Amino acid sequence: MAHHCHATGCTVPTKPEMFTCRKHWFALPKNLRDKIWATYRVGQCDDWQPSAAYCDAAIECVKFLA
């Protein structure tokens, strides 16, 4: 199941386990990319139950990219 990049306004198709498209992923500072991977759990895209820590990291990343 594909989704789009989580950067505001970006419609690039992205694999579910990837947070953003390549362009936006590398626009994030390494510390924010590390937060996403540190809090990502395999299967969270299937069961729609990401952790609160992952959601916090995702919000921080989306805000940075905006």
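A brief report on the enclosed structure follows. (Residues numbered from 1 in each chain as written. Predicted model: local features only at pLDDT ≥ 70, side-chain atom pairs only at ≥ 80, totals over all residues. Heavy atoms only, no water.)

Things to note about the packing of aromatic side chains
Part 1: Per the counting criterion, the structure on display carries 4 aromatic pairs.
Part 2: Between Phe 19 and Tyr 54 the ring centres are 6.5 Å apart and the planes differ by 85 degrees, which places this aromatic pair in the edge-to-face class. Highlighted residues: Phe 19 in the loop between β2 (13-14) and α1 (22-25) and Tyr 54 in helix α4 (residues 52-65), separated in sequence by 35 residues. Like Tyr 54, Phe 19 is buried.
Part 3: Ring centres of Trp 25 and Trp 37 lie 6.1 Å apart, and the angle between their planes is 75 degrees; on these two criteria the pair is classed as edge-to-face. Of the two residues, Trp 25 sits in helix α1 while Trp 37 sits in helix α2 (residues 30-39), which places them 12 residues apart along the sequence. (Phe/Tyr/Trp six-rings, centres within 6.5 Å; stacked < 30°, edge-to-face > 60°. Helix = DSSP H or I, 4+ residues; strand = E, 2+ residues; numbered from the N terminus. Buried < 20%, exposed > 50% of the residue type's maximum accessible area, 1.4 Å probe, protein only.)

Here we look at the environment of Asp 47
Part 1: For Asp 47, the location among the structural elements is in helix α3 (residues 44-47).
Part 2: Polar contacts involving the side chain of Asp 47 include one to the side chain of Arg 41, which spans 3.0 Å. (Polar contact = N/O pair within 3.5 Å; in protein donor to acceptor, adjacent residues only side chain to side chain.)

Notes on the pattern of salt bridges
Part 1: Going through the model one piece at a time under the given rule, you end up with 3 salt bridges.
Part 2: Residue Lys 30 is joined to Asp 34 by a salt bridge in which the shortest nitrogen-to-oxygen separation is 2.9 Å. Here Lys 30 and its partner Asp 34 are both found in helix α2, 4 residues apart, which amounts to about one turn of the helix.
Part 3: A salt bridge links Asp 47 to Arg 41; the shortest N-O distance between them is 3.0 Å.
Part 4: By relative accessible area, which is 34% here, Arg 41 ends up partly exposed. (Salt bridge = Lys/Arg side-chain N within 4 Å of Asp/Glu carboxyl O.)

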